Amino acid sequence: LRALCERAIARSPDLILLTGDFLTMESQQDARHLAQALEPLQQYRGRVFACRGNHDLEAPAVVASALAHAGVGLLIDESVTVTTDAGTVEVLGIDFRFQERAAHVDGVMQRHPRKPGVLRIALLHDPGAFRHLPEGGADLVLSGHTHGGQIGLLWLGIEATIVSALTKLPDHGFWGRGSNRLYVHRGTGHYGFPLRVGVPAEHSVLQIHAPMN
């Protein structure tokens, strides 16, 4: 994880956006581990933002402390507006919910209406909640959660994964619903069995092209 943070900084992006699940129950023993792994992000303070995933709710104090140590802005149903070389960007972090996801997303969107003329990126760990986002609620939604399917045939150029075979959940890559757009990150780890089969881990750089007004 520390190496991934170092590589992200080396690419000099406008923003670094993290979509949650920073640890699992096996890695909660010592809070210093996550803090030390995220330390390279300190030099990007003010330009790194995160939302929480479901596993982060198992140890919220550990996650909050490590992110604060790294200078990462943790957005729990909050938004922040940032000035970048590409213009003004609003980052909206929507917290993870196990239940009543539609009502939760609706409440967050009502409390944080769109700002005219400002690009909005929403961090939403669970791609299953993407369908609850109102039309035009964000220009781009970034999610994780699925590990890209973890087991699949992507290495062979076939999009199928165990997640897509068993569910309708967006599992990896770009998705659309009406005018809304979603990118699901494959993640860098795993859960359950310590393996990935046919679904390579990912650390990605996205180039966003905003429409000309």
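Everything in this summary refers to the structure shown in the same document. Since the model is a prediction, treat every value here as computed from it, not as a measurement.

**Quick look at the layout of surface pockets**
To find leftover empty space, one rolls a probe the size of a water molecule over the atoms.
Thinking step 1. For the second largest pocket, the calculated volume is near 170 Å³.
Thinking step 2. Surrounding the second largest pocket, eleven residues form its lining, Asp-139, Leu-140, Arg-181, Ile-208 and His-209 being those nearest its centre.
Thinking step 3. For the lining of the second largest pocket, a count of residues per class yields seven nonpolar, two polar and two charged.

**Considering the sheet that holds strand S1 (residues 16–18)**
Thinking step 1. Reading across from one edge, S1-S2-S3 is the order of the three strands in this open sheet, with parallel pairing throughout. The sheet terminates laterally at S1 and strand S3 (73–74), the two strands that pair on one side only.
Thinking step 2. Alignment of S1 against strand S2 (residues 48–50), held across three bridges, turns out to be parallel. Among the inter-strand pairings, Ile-16 is bridged to a residue of S2, identified as Val-48.

**What to know about the nonpolar core**
One recurring pattern in soluble globular proteins is that nonpolar side chains are buried together.
Thinking step 1. Counting residues in hydrophobic clusters, the biggest one holds 21 residues, and the most contacted among them are Leu-18, Leu-38, Leu-41, Leu-67 and Val-72.
Thinking step 2. Mapped by element, the contributors of at least two residues to this core are helix H1 (2–10), S1, helix H2 (31–38), S2 and helix H3 (60–69).
Thinking step 3. In terms of residues, this core owes the most to one element, H3, which gives four residues.
Thinking step 4. The contacts of Leu-41, once residues within four sequence positions are left out, are Cys-5, Ile-9, Ile-16, Leu-18, Val-48, Ala-70 and Val-72.
Thinking step 5. Ranked by size, the runner-up nonpolar core spans 14 residues in total, among them Val-108, Ala-122, Leu-124 and Phe-130.

**Focus on empty space enclosed by the protein**
Thinking step 1. Per the stated rule, a full pass over the model turns up one cavity of 30 Å³ or more.
Thinking step 2. A volume near 70 Å³ is recorded for the largest cavity.
Thinking step 3. Along its surface, the largest cavity is lined by Ile-94, Asp-95, Phe-96, Arg-97, Arg-101, His-104, Val-105, Leu-124, His-125, Asp-126 and Ala-129.
Thinking step 4. It is helix H4 (residues 101–111) that contributes the most residues to the lining of the largest cavity, three residues altogether.
Thinking step 5. Among the residues making up the lining of the largest cavity, the classes are represented as five nonpolar, two polar and four charged.

**Notes on the pattern of salt bridges**
Thinking step 1. For the structure on display, the rule yields nine salt bridges.
Thinking step 2. Among the charged side chains, a network of salt bridges with common partners joins Arg-52, Asp-77, Asp-95 and Arg-97.

**Side note on the sheet that holds strand S9 (residues 180–184)**
Across a sheet, paired strands are connected by hydrogen bonds in the backbone, their directions being either parallel or antiparallel.
Thinking step 1. Taken in spatial order, the six strands of this open sheet run S4-S5-S6-S7-S9-S8, and their pairing is mixed. Since the sheet does not close on itself, it has two edges, and those belong to strand S4 (78–84) and strand S8 (173–177), each with one partner. Taking the axes of each pair of neighbouring strands and ignoring which way they run, one obtains an average angle of 25 degrees across the sheet.
Thinking step 2. Where S8 and S9 come together, five bridges link them in antiparallel fashion. When the sheet's bridge partners are listed, Phe-174 is paired in S9 with Tyr-183.
Thinking step 3. Seen against the sheet, H4 touches strand S5 (87–94) and strand S6 (119–124) and runs at an angle of roughly 145 degrees to S5.

**What about the environment of Ala-138?**
Thinking step 1. One can find Ala-138 in the loop between S6 and strand S7 (140–143).
Thinking step 2. Expressed as a C-alpha distance, the spacing of Ala-138 and Phe-22, which sit 116 residues apart in the sequence, is 24 Å.
Thinking step 3. Aside from chain neighbours lying at most four places away, what touches Ala-138 is Arg-114, Arg-120, Ala-122, Leu-133 and Asn-180.

Conventions and cut-offs
- Residues numbered from 1 in each chain as written.
- Predicted model: local features only at pLDDT ≥ 70, side-chain atom pairs only at ≥ 80, totals over all residues.
- Heavy atoms only, no water.
- 1 Å grid on protein atoms, 1.4 Å probe; cavity = no way out; pocket = protein on both sides within 12 Å on 5 of 7 lines; lining within 4 Å.
- Points joined across faces, edges and corners; volume = space filled by probe spheres on them.
- Nonpolar A, V, L, I, M, F, W, Y, C, P; charged D, E, K, R; others polar.
- Pairing = 2+ DSSP bridges.
- Helix = DSSP H or I, 4+ residues; strand = E, 2+ residues; numbered from the N terminus.
- Core = buried A, V, L, I, M, F, W, Y, C linked by side-chain atoms within 4.5 Å.
- Buried < 20%, exposed > 50% of the residue type's maximum accessible area, 1.4 Å probe, protein only.
- Contact = heavy atoms within 4.5 Å.
- Salt bridge = Lys/Arg side-chain N within 4 Å of Asp/Glu carboxyl O.
- Axes fitted to C-alpha atoms, helices over the stretch in contact; angles between N-to-C directions.

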